[in-house]
Amino acid sequence: MPALSVAQLLDAWERALSRPLIERALILLAAATPDASHDQLAQLPIGQRNAALLDLRELLFGSQLTSVTDCPNCGERLELSFNVADLRVETKLDAAQPLTLRMDGYELQFRLPNTFDLLALADQREVENARRALLQRVMLNVSSSHAQSSDQLPAFVIDALSERMAEADPQANIQLGLVCPNCAHAWQANFDIVAFLWGELNAWALRVLREVHTLASTYGWSERDILALTPRRRQIYLEHLTK
């Protein structure tokens, strides 16, 4: 994954501003992997997309992550610090090959969900409706004496299929094991790399643009000239303005 210039990263941030969060992930990945098309990136299983976003996060901001959350039991505010490596999950997934689930007379062939699927389900509000709509999109073949299509599958088969997908693509659903130091409550918290990375990038972009505004107003430099400076040089110029 090649390094991005400040200007390239700001351009990607600006393009993503007006788009839904799911699409923002594709825009960031497209900026970082110019050899891949939009459709190629959107067709990646969610776990592979998440792994690529973790790589991008490490490239942009380093391997250490910090966050905060509240204990669901006592409400204590927890400060979290962890490494990108802690979030990586090894998988032998071959995204090009369909997966199979056999149980109780059913044989299902399916693929893993991708970003196109998430975009198609963006307006779904009911969890069960969303699950069945996703099932219809990813199902390749249903062979059974009980049902001939995905919309006829019973709930226990759908549950088993969801579990099979999670096992096949564990990076798609990153969970943090947390323990509250105040009440010792333990729980699993979901980590959304898309939302986390976008939050960091948005804060970074706004900070850089404030720096550009300050330096341009003071020295009359163009945005291009200011962005061409290293972060350290920009900071030195800004420090001089407060002396």
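Whatever comes next refers back to the structure up there.
Model, not experiment: these values are computed from the prediction.

(A) Up close: the nonpolar core. Formed by 48 residues in total, the largest nonpolar core has its most connected members in Leu10, Leu87, Phe191 and Trp204. No other element matches helix α9 (residues 193-219), which puts 11 residues into this core. Setting aside chain neighbours within four positions, we find Leu10 in contact with Trp204, Ala205, Val208, Leu209 and Leu227. Judged by nonpolar contacts, the second largest core, of 20 residues, contains Phe110, Val138, Leu161 and Met165.

(B) Representation of the pairing of strand β7 (residues 186-191). Along β7, the buried face is formed by Trp187, Ala189 and Phe191; none of Ala186, Gln188 and Asn190, which line the opposite face, is buried. Alignment of strand β6 (residues 174-179) against β7, held across six bridges, turns out to be antiparallel. Looking at the pairing, Val179 lines up with Ala186 of β7. Between β6 and β7, which pair antiparallel one after the other, the connecting turn spans six residues, and Ala184 there sits at a positive phi close to 65°.

(C) Local environment of the pattern of salt bridges. All told, the structure shown has 13 salt bridges when counted by the stated rule. Between Asp117 and Arg111 there is a salt bridge, with its nearest N and O atoms 2.8 Å apart. Among the salt bridges present, the one from Arg137 reaches Asp117, with a minimum N-O distance of 2.7 Å. Here Arg137, found in helix α7 (residues 127-138), pairs with Asp117, found in helix α6 (residues 115-120); they are 20 residues apart in sequence, far enough to count as distant.

(D) Geometry of the packing of aromatic side chains. Going through the model one piece at a time under the given rule, you end up with six aromatic pairs. Between Phe82 and Phe191, the aromatic rings sit 5.7 Å apart at their centres with planes inclined by 90°, giving edge-to-face as the arrangement. With Phe82 in strand β2 (residues 77-83) and Phe191 in strand β7, this pair connects stretches of sequence that are 109 residues apart. The burial state of Phe82 is the same as that of Phe191; both residues are buried. Measuring from ring centre to ring centre gives 6.5 Å for Tyr106 and Phe156, while their planes differ by 75°; the resulting arrangement is edge-to-face. With a gap of 50 residues between them, Tyr106 in strand β4 (residues 106-110) and Phe156 in helix α8 (residues 155-168) connect regions that are remote in the sequence. By relative accessible area, which is 8% here, Tyr106 ends up buried. Aromatic rings pair up to connect Phe82, Phe191 and Phe196 into one cluster.

What counts and how
Residues numbered from 1 in each chain as written. Predicted model: local features only at pLDDT ≥ 70, side-chain atom pairs only at ≥ 80, totals over all residues. Heavy atoms only, no water. Core = buried A, V, L, I, M, F, W, Y, C linked by side-chain atoms within 4.5 Å. Buried < 20%, exposed > 50% of the residue type's maximum accessible area, 1.4 Å probe, protein only. Helix = DSSP H or I, 4+ residues; strand = E, 2+ residues; numbered from the N terminus. Contact = heavy atoms within 4.5 Å. Pairing = 2+ DSSP bridges. Salt bridge = Lys/Arg side-chain N within 4 Å of Asp/Glu carboxyl O. Phe/Tyr/Trp six-rings, centres within 6.5 Å; stacked < 30°, edge-to-face > 60°.

By themselves these figures say nothing about function.
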